[in-house]
Amino acid sequence: MRLDPVGRLLKLPPAVSGRVRVTRGVPIRMRDGANLRADHYAPAIDGEVPTVLVRTPYGRGAPVSILCRAVAQRGFNVLIQSCRGTGDSSGTFEPLLQEREDGLDTLDWLRRQPWYDGRLLTYGPSYVGFVQWALAAEAGDELKAMATIVTASDFGPPTYAGGAFSLDTVLTWSALLEAQRGPRLENAVELLRGQPRLQRGLARVPMAEADRVTVGAEIEFFQRWLAEADPASSYWTQRGHAHRLPHVAAPVLMIGGWYDIFLPWQLADYTALRAAGQQPHLTIGPWHHGSAGLFQHSAAEAVAWFRAHTGGPEQIRDRPVRVHVGGAEGWLELTDWPPPSSTPQRWHLAKSATLTPDDPDLLTPDELGWPTPSPATASRSADPEQALSPAPAQALSPTSAPTLSRASLPNPDESDWPTPTPAPANGMDPDELDWPTPTAFVATPALPDEGDVLDSFVYDPKDPTPALGGPRLIGKIAGRRDNRPLEARSDVLTFTSAPLVEALNVVGPVSAHITVRATTAGRGEDAPAAYFDVFVRLCEVDDQGRSWNICDGLARAATDRDPAAPIHVELWPTAYRFAAGRRIRIQVSGGAHPRFSRNPGTGAPLGHELELRKVRQEILAPSYVLLPVAP
């Protein structure tokens, strides 16, 4: 057997074939005459083996070709195909539109190949995951398993997250697709310079000119997506596949990241499959969209998943949900998501920039109702991947951290709490690491009266509040960051708790209810403003005063809203352990540009921001966040 460095790096099971035959550029004819090219990786094995189908718009070269060879060595045919109009495939690439027909035509072609044994598996992240949903419902019994990674079945809702426009994701993705067609040297220079054209495009006003600034030409789908701002429109429903989920019968593995751009909508897909009687398996790690740790972990888990469903020796884990717990730096296994044992606890924004817990007995689970994510909502080191081991939870070294006692859990069969890795700076005694019931806090001041002004800021779309870390498409600017530079701005409010007396375990969906009085700044303080956004971020403040972002979300105020009613903001969900002595912080601001497009303050349609108007936001009581507290 040959050396297998890739298999060892990705922690794949042992190879069963050292030799792989590769046939490149195979033409696969579609119903309209287009030829989509594919590469076939076939292991040198006597007998039938299942087939892994990967359909991608990102080319078939390294590193995906290296992964295809490694997977083939594990006893699979691997067919990787360039989507229509990408790579050397003919036709025109119109994102999302023809993936169902092209996927089903590719399956028809597979059925005519002598090496295809009728067992189909699909694999891939992001857009490569979306195309899996396009064919899954109609693939029939041939589809034995799916591995969908940091993706969603419908790209409409993520494109208009919170009712704004996901400018950073859409424009950056557009630039990446365009770069594949351009000269390699020119693209390499652009990357080395920090993509200055992209940065100018992201800052462009009006937004409709951003594509021309970025790539030098109009991008048809970018312009169309600015115009089709309703994810429920026929344009998006024609291109989405959420309505097909109840008809998907294949076992589904879903892998996501706490800082991934698609997480809320991937969890909506999970909820839809559960409602249809399916039992998908879900893994959520401390990853963003381009994490190296995500690539490594997802490859290993997908191969094990495929082998388990095609006669391999691997066993399916008993608890279908496995999530990484930040702050504890371990893994938690659950029976479902969100965990039924979590209880919503209300934390009030109060005067003097404080954050005050409500009496837990005053809040019933019905008040939260575990909402399905919708468009109105994604280690103590700044790089959470440094604290991640891709090995199973059982592989966490018992010598590197004390083992948590399960005796205090109200339902030990519900979950296995992870082994934490305490940071030396915490000053925590290992004996204090059992998960306590989070009811003991320092004394808190009285809550503000309804209508009290807690604080205020002015949002200026000419100098929009910047995005820092969090769910971003490009890895080097995503994930956990020290938020102190952001919090130093005058247009960012913070509300911070006293140090926690005991640890607080937050596992599940997070939401905020912010009461806002908005007026047009500089045009008469009493003139109501109807057009503004509310961005809310949950942070942990450590012993050095650094503020680390955990999850966040944005909501664009509805023009017909009741001014006295709080604005509901769905944050990305989380699983996080706030250690004793740490403080909880809530940020409130008017945006996070360019992750979310700036609100011009005028109600102008997307792409037509000809006037930019300042808006003053006064944050009133009652305003609070709901944290899902786990025992």
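Residues numbered from 1 in each chain as written. Predicted model: local features only at pLDDT ≥ 70, side-chain atom pairs only at ≥ 80, totals over all residues. Heavy atoms only, no water.

Enquirer: I'd like to hear about the overall build of the chain, residue by residue, with values.
Expert: Within the chain, the regular secondary structure consists of 14 helices and 23 strands. When burial is assessed residue by residue, the chain has 58% of its 631 residues classed as buried. Element-wise, carbon and sulfur atoms account for 52% of the exposed surface of the chain, whose accessible area totals about 24400 Å². (Helix = DSSP H or I, 4+ residues; strand = E, 2+ residues; numbered from the N terminus. Buried < 20%, exposed > 50% of the residue type's maximum accessible area, 1.4 Å probe, protein only. Areas by Shrake-Rupley, 256 points an atom, 1.4 Å probe, with all protein chains shown as cover.)

Enquirer: I'd like a rundown of the environment of Q113, residues and numbers included.
Expert: Positionally, Q113 belongs in the loop between helix 3 (99–111) and strand 5 (120–125). At 2.8 Å, the side chain of Q113 forms a polar contact with the backbone oxygen of W109. (Polar contact = N/O pair within 3.5 Å; in protein donor to acceptor, adjacent residues only side chain to side chain.)

Enquirer: Describe the side chain of D102, and please don't skip the residues or the numbers.
Expert: Looking at where D102 falls in the secondary structure, it is placed in helix 3. We classify D102 as buried; its relative accessible area is 2%. Among the polar contacts made by the side chain of D102, one reaches the side chain of R84 at a distance of 2.9 Å. The residues contacting D102, other than those within four sequence positions of it, are M30, L36, R55 and R84. (Contact = heavy atoms within 4.5 Å.)

Enquirer: Let's hear about the nonpolar core: which residues, and what values?
Expert: In this structure, F165, W225, W337 and L627 are the most contacted members of the largest nonpolar core, which totals 123 residues. Tallying contributions element by element places strand 23 (residues 615–630) first for this core, with seven residues. Setting aside chain neighbours within four positions, we find F165 in contact with T159, Y160, V170, M207, F222, W225, L226, R595, F596, S597 and L606. Residues L10, Y123, A300 and W305 belong to the second largest nonpolar core, which totals 32 residues. (Core = buried A, V, L, I, M, F, W, Y, C linked by side-chain atoms within 4.5 Å.)

Enquirer: Describe the state of the cysteines, and please don't skip the residues or the numbers.
Expert: Applying the stated criterion across every chain yields a total of zero disulfides. Free of any disulfide, C551 has its nearest neighbouring cysteine sulfur in C539, separated by 8.8 Å. (Disulfide = S-S within 2.5 Å.)

Enquirer: If you had to explain unusual backbone geometry to someone new, which residues and values would you point to?
Expert: Residues W337 and P338 are joined by a peptide bond in cis, for which omega reads -5°. Within the secondary structure, P338 is located in the loop between strand 10 (330–334) and strand 11 (343–350). With an omega dihedral of 0°, the bond running from A621 to P622 counts as a cis peptide bond. Among the secondary structure elements, P622 is positioned in strand 23. For K11, which is not a glycine, the phi torsion comes out positive at approximately 60°. Examined against the element boundaries, K11 turns out to sit in the loop between helix 1 (5–10) and strand 1 (20–29). The backbone of A353 shows a phi angle near 60°, a positive value even though the residue is not glycine. Locating A353 in the fold gives a position in the loop between strand 11 and strand 12 (354–357).

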